[in-house]
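Per-entry structural report
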Amino acid sequence: MSLNDTPSSERVRIGIFGKRNSGKSSILNAVTGQEAALVSETKGTTTDPVYKAMELLPLGPVLFMDTPGLDDEGDLGMLRVQKSRELLKKTDLALLVIDKTVGMDELDGRLARELQDRQIPFLLIYNKCDLAWGAAAPKEPNALYVSARTGQGIEELKEQLSKLLPRERQTKRLVGDLLNPMDLVVLVVPIDKSAPKGRLILPQQQTIRDVLEAGAVSVTVREMELKRTLALLPGRPRLVITDSQVFDRVHKETPEGILLTSFSILFARYKGSLARAVLGAGMLEELREGDSVLIAEGCTHHRQCEDIGTVKLPRWIREYTGKNLKLSFASGTDFPEDLSPYRLIVHCGGCMLSEREMQCRVEQAAVGGVPMTNFGILIAYMKGILKRSLDPFPEMADLLNGGMQWERKEK
């Protein structure tokens, strides 16, 4: 993937929901101007979610998700409905498509209420308005009459979509808001057996891009060149950002007065889970013999012999606690629905998950009463450098000054 590509996790995800034959796939094709989804008069033509990435002006890079009908029937139909409902966890904006010739029913109403409860901005799209003669203008303020067949209302639909996205989502930065033009940022990137061949991983790519957009300067080094690089630089860096697995070494070789954090912690902040992850780190002190800990990652990748999630982190947790813990692992979309068996969840930064997906996991853990922390935060906690790793973030000042339990572990 090049630096010019927009990763799926950074695209605005637009879910298209509704009953069978309401015209969901036709709406997708009309909006994209392509035959992105199969269209038929037969009910249940869409049997699996259909994804279409595009640039939708003025909204920017988006990912449309066309779903099976929510009124599907039979055992197989129920599985399709379940797939559709699972996409609510990934949806930033929603289109609830209703056949205008039939009207809105209780099923449509329940979904509209659920979208409101989940705080997902949505539009009610009354499709097939060309067949509903004499229809009055919609009463709902978030409703539009359109015709996927004739194109009526499609341009207005696009314009209304762009107004739905919360402004804070449009202005969020990964690291750029911490920097001034011409600030120097040093990125520490280990190149070992677990590093992908011939490329940087997504968090590193996105961080470099955001540094560039801030007008700052980035220098990328391996951990063994850090000390020499810092000595050769003409001035002190504003910030050092490291891969979490070499956090301890980078901390020792980065002089006091230079801000230090990790890619994983940056992403916890970017996805809106930093404060809860910091609070969750203290649960490490409460673990007892035989407790279950879930280590979760948002992506799936080939595991190497010293994989951070399945090898290094479990080893460090066992060494730190001195307890015989039951460790479970989840990756990609395989995040357990039932979190009650676990005393602690340790999650990656979530670079492959959208902010809404990450927030759904955080909320799921909170509702279940299970503390949840983050790879980089937990590693910094175990190494006694958590406070330093959070110093770059002004919004954490109140939490840092609140007498956290983990402060006694700082060195």
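This text goes with the structure placed above it.
As the structure is a computational prediction, the values presented were derived from the model and not from experiment.

**Focus: the packing of aromatic side chains**
Two descriptors summarise a pair of aromatic rings, namely the distance from one centre to the other and the angle between the planes of the rings. Applying the stated criterion across every chain, the model contains three aromatic pairs. Judged by centre distance (5.5 Å) and plane angle (85°), the rings of Y126 and Y145 are edge-to-face. Highlighted residues: Y126 in strand β5 (residues 122–127) and Y145 in strand β6 (residues 143–145), separated in sequence by 19 residues. Sitting over the ring of Y270, K172 keeps its end group 5.4 Å from the ring centre. One cation-aromatic arrangement involves K383 over W316; the distance from NZ or CZ to the ring centre is 5.2 Å.

**Quick word on the pattern of salt bridges**
Inspection of the entire model under this criterion finds 23 salt bridges. E357 is paired through a salt bridge with R13; the nearest N and O atoms lie 2.9 Å apart. Of this pair, E357 sits in helix α12 (residues 355–367) while R13 is found in strand β1 (residues 12–18), placing the two residues 344 residues apart along the sequence. Of the residues examined, E357 reaches a relative accessible area of 9% and is grouped as buried. The class for R13 is buried, based on a relative accessible area of 5%. Here R343 makes a salt bridge to D291, at a shortest N to O gap of 3.1 Å. Here R343 is found in the loop between β12 (326–331) and β13 (344–347), whereas its partner D291 is found in the loop between α10 (274–281) and β11 (292–297), with 52 residues between them in sequence. What makes R343 partly exposed here is its relative accessible area of 24%. Because the salt bridges share partners, they merge into one network encompassing K19, D105 and D108.

**Examining the packing of α10 against helix α13 (residues 375–382)**
Interaxial distance between α10 and α13 falls to 9 Å at its minimum, and their mutual angle equals 40°. Regarding the angle of α10 to α13, the classification is oblique. The two elements α10 and α13 meet at a crossing, and its hand is right-handed. Residues L274, A277, V278 and A281 of α10 touch α13, and the partners they reach there are I377, L378 and Y381.

**A few points about the environment of S331**
For S331, the position within the fold is in strand β12. Between the C-alpha atom of S331 and that of G309, which follows or precedes it by 22 residues, the distance is 9.8 Å.

**Topic: the packing of helix α11 (residues 308–321) against α13**
At a closest axis distance of 11 Å, the pairing of α11 and α13 adopts a crossing angle of 30°. Taken as a pair, α11 and α13 cross one another with a handedness that is left-handed. Residues I308, G309, L313, W316, I317 and Y320 of α11 form the contact with α13, whose own contacting residues are F375, L378, I379, Y381 and M382. Its residues assigned to classes, the contact of α11 with α13 comprises ten nonpolar, one polar and no charged.

Thresholds, definitions, all that
- Residues numbered from 1 in each chain as written.
- Predicted model: local features only at pLDDT ≥ 70, side-chain atom pairs only at ≥ 80, totals over all residues.
- Heavy atoms only, no water.
- Phe/Tyr/Trp six-rings, centres within 6.5 Å; stacked < 30°, edge-to-face > 60°.
- Helix = DSSP H or I, 4+ residues; strand = E, 2+ residues; numbered from the N terminus.
- Lys NZ or Arg CZ within 6 Å of the ring centre and 35° of its normal.
- Salt bridge = Lys/Arg side-chain N within 4 Å of Asp/Glu carboxyl O.
- Buried < 20%, exposed > 50% of the residue type's maximum accessible area, 1.4 Å probe, protein only.
- Axes fitted to C-alpha atoms, helices over the stretch in contact; angles between N-to-C directions.
- Parallel < 35°, antiparallel > 145°, perpendicular 65-115°, else oblique.
- Left-handed = near helix turned anticlockwise from the far one by under 90°.
- Contact = heavy atoms within 4.5 Å.
- Nonpolar A, V, L, I, M, F, W, Y, C, P; charged D, E, K, R; others polar.

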